[in-house]
Amino acid sequence: MTTALEPDLELMAFTLESDDNYRVLRRFKPRTRFKESTLPPDRLGRGVVLDTETTGRDPATDRIIELGLAAFTFDRETGEPVEILGTYNSLEDPGIPIDPAATRVNGITDEMVKGHRIDDVTVEKFVASADLVIAHNAGFDREFCERRMPFFKDLAWACSRTQIDWEAEGIGGTKLDYIAFRMGFFYDAHRAEIDCLALLEVLARPLPVSGARGLLQLLEASKQRQVRVWATDAPFEKKGVLAARGYRWGDGTQGKEKAWYILIPEDKLEEELAWLRANVYRFPARVVIDDVDALCRFSPRRIGTRTVRLS
């Protein structure tokens, strides 16, 4: 029971916020509507935020044990979410023991998932009309989802961890709970549905420096066409040169070449081939090129693969 002597906590929080020596975090309270909208139907997009919890980190041997989804509409021009259309959350029995390390993170036990199964038909209908599926670590979630439910291969994906320039916004870490702290709220992380709703809240708030919505950056990034350049047969002694340029090592597994590679905008391809000729290859050689767009980005699947010979 509230009494006249009980302090007004919100007033106290407001008072603290007015002093640069303090920052106030509020517990996250999910909302279903972000703004009133009379936008015409063709300006409203449909997105889905997705999160998985798994038995471990290897998609080849581990399994999904929880899937969370939140469908929402957004303004295509500004990237502002408008309202949440619905959520879906389900545990799933993976048929294998859950790694204790995973349980320590998400709190999900073998007993909790026993007898549970994700409804594939419901999930497929839920995501079918999405313009974009967003995950905070799409390079992780997408492969797990594609292996478990192949219809995810036909959807455009974006990654809020890597495709938003958090550093430019003054946020030095990319873990979702840390970003939430920096955006002014906290929540009980590492369960699928609440992670989805917290990420959507992050995407709905103006970014600290630019003032834009993170969702707008994701929409713009999803339109970009890129190429992955594999420096196949590069001399061993050039590994330092390649690493300094931003190349990463592909170990030959999960559809990768066993070679150094870099992901660049499509219109920078000729410039990159010229750099390889001048700095890596001093002999006739070949490089392998993959096309990359939102339909295959963050997936081990490769499209448009071809070989270019350098002389």
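See the structure shown above.
All figures in this text were calculated on a predicted structure; none of them were measured in a lab. (Residues numbered from 1 in each chain as written. Predicted model: local features only at pLDDT ≥ 70, side-chain atom pairs only at ≥ 80, totals over all residues. Heavy atoms only, no water.)

Peer 1: Quick rundown of the pairing of strand β8 (residues 226-231)? Include the residues and the values.
Peer 2: Where burial is concerned, most of β8 is hidden: six out of the six residues are buried. Side chains of β8 alternate between two faces, with Gln-226, Arg-228 and Trp-230 and Val-227, Val-229 and Ala-231 buried alike. As paired elements, β8 and strand β10 (residues 258-265) share six bridges and run antiparallel to each other. Across the sheet, Trp-230 pairs through a bridge with Tyr-261, a residue of β10. Across five bridges, β8 lies against strand β11 (residues 285-292) in antiparallel orientation. The residue bridging Gln-226 from the neighbouring strand is Val-292, located in β11. (Buried < 20%, exposed > 50% of the residue type's maximum accessible area, 1.4 Å probe, protein only. Helix = DSSP H or I, 4+ residues; strand = E, 2+ residues; numbered from the N terminus. Pairing = 2+ DSSP bridges.)

Peer 1: Outline the state of the cysteines, supporting the account with residue identities and numerical values.
Peer 2: By definition, a disulfide links the sulfur atoms of two cysteine residues through a covalent bond. Enumeration over the complete set of coordinates arrives at zero disulfides. In this model Cys-159 remains outside any disulfide bridge; the closest cysteine sulfur is found in Cys-145, 13 Å from its own. The cysteine Cys-196 is free of any disulfide, with Cys-145 supplying the nearest cysteine sulfur at 10.0 Å. Judged by relative accessible area, Cys-196 falls into the buried class, the value being 1%. (Disulfide = S-S within 2.5 Å.)

Peer 1: Would you mind going over the pattern of salt bridges in detail, with residue names and values included?
Peer 2: Evaluation of the coordinates by the stated rule reveals 26 salt bridges. One salt bridge connects Arg-26 with Glu-10, and the closest N-O pair in it is separated by 2.5 Å. In this pair, Arg-26 sits in strand β1 (residues 26-27) while Glu-10 sits in helix α1 (residues 9-17), placing the two residues 16 residues apart along the sequence. Using a relative accessible area of 46% as the deciding quantity, one classes Glu-10 as partly exposed. Arg-33 is the salt-bridge partner of Glu-83, the closest N and O atoms lying 3.1 Å from each other. Here Glu-83 is found in strand β4 (residues 81-91), whereas its partner Arg-33 is found in the loop between β1 and β2 (44-54), with 50 residues between them in sequence. Here Glu-83 falls in the partly exposed class, since its relative accessible area comes to 27%. Overlapping salt bridges, with partners in common, bring together Glu-92, Arg-117, Asp-120 and Arg-148 in one network. (Salt bridge = Lys/Arg side-chain N within 4 Å of Asp/Glu carboxyl O.)

Peer 1: Summarise the nonpolar core; cite the residues concerned and give the values.
Peer 2: In terms of nonpolar packing, the biggest core is built from 33 residues, with Ile-134 and Phe-185 touching the most fellow members. For this core, the secondary-structure elements that each account for two or more residues are β3 (64-75), β5 (132-135), α6 (176-182), α7 (192-204) and α8 (214-222). Top element by residues in this core is α7. It accounts for eight residues. What Phe-185 contacts, discounting residues up to four positions off in sequence, is Leu-25, Arg-26, Phe-28, Ala-180, Ala-198, Glu-201, Val-202 and Arg-205. In terms of nonpolar packing, the next biggest core, distinct from the first, is built from 25 residues, Leu-50, Ala-71, Ala-130 and Phe-151 among them. (Core = buried A, V, L, I, M, F, W, Y, C linked by side-chain atoms within 4.5 Å. Contact = heavy atoms within 4.5 Å.)

Peer 1: Would you mind going over α7 in detail, with residue names and values included?
Peer 2: Over its 13 residues, α7 extends 19 Å from the first C-alpha to the last, a length consistent with the 18 Å expected when each residue adds 1.5 Å. Among the 13 residues of α7, 11 are classified as buried, and the element is accordingly described as predominantly covered. Buried within α7 we find Ala-192, Asp-195, Cys-196, Leu-197, Ala-198, Leu-199, Leu-200, Glu-201, Val-202, Leu-203 and Ala-204. (Expected span 1.5 Å × (residues − 1).)

Peer 1: Would you mind going over α8 in detail, with residue names and values included?
Peer 2: With eight of nine residues buried, α8 lies mostly within the body of the structure. The complete set of buried residues in α8 reads Gly-214, Leu-215, Leu-216, Gln-217, Leu-218, Leu-219, Ala-221 and Ser-222. Lining the buried residues of α8 we find β3, β4, β5, β6 (157-159) and α7.

Peer 1: Could you give an account of the side chain of Glu-146, with specific residues and numbers?
Peer 2: In this fold, Glu-146 is placed in helix α5 (residues 138-148). In terms of polar contacts, Glu-146 uses its side chain to reach the side chain of Arg-142, at 2.7 Å. A distance of 3.0 Å separates the side chain of Glu-146 from the side chain of Arg-301, its partner in a polar contact. Beyond its immediate chain neighbours, meaning those up to four positions away, Glu-146 contacts Phe-152, Lys-153, Ser-299 and Arg-301. (Polar contact = N/O pair within 3.5 Å; in protein donor to acceptor, adjacent residues only side chain to side chain.)

Peer 1: Mind laying out the packing of aromatic side chains, listing which residues take part and the relevant values?
Peer 2: In this description, an aromatic ring pair is defined by two values, namely the gap between the centres and the angle between the planes. Inspection of the entire model under this criterion finds 10 aromatic pairs. Each ring, one from Phe-72 and one from Phe-74, has its centre 6.0 Å from the other, and the planes form 50 degrees; the classification is tilted. A single burial state applies to Phe-72 and to Phe-74, both of which are buried. The interplanar angle of 65 degrees and the centroid separation of 5.7 Å between the aromatic rings of Trp-249 and Trp-260 together place this pair among those described as edge-to-face. (Phe/Tyr/Trp six-rings, centres within 6.5 Å; stacked < 30°, edge-to-face > 60°.)

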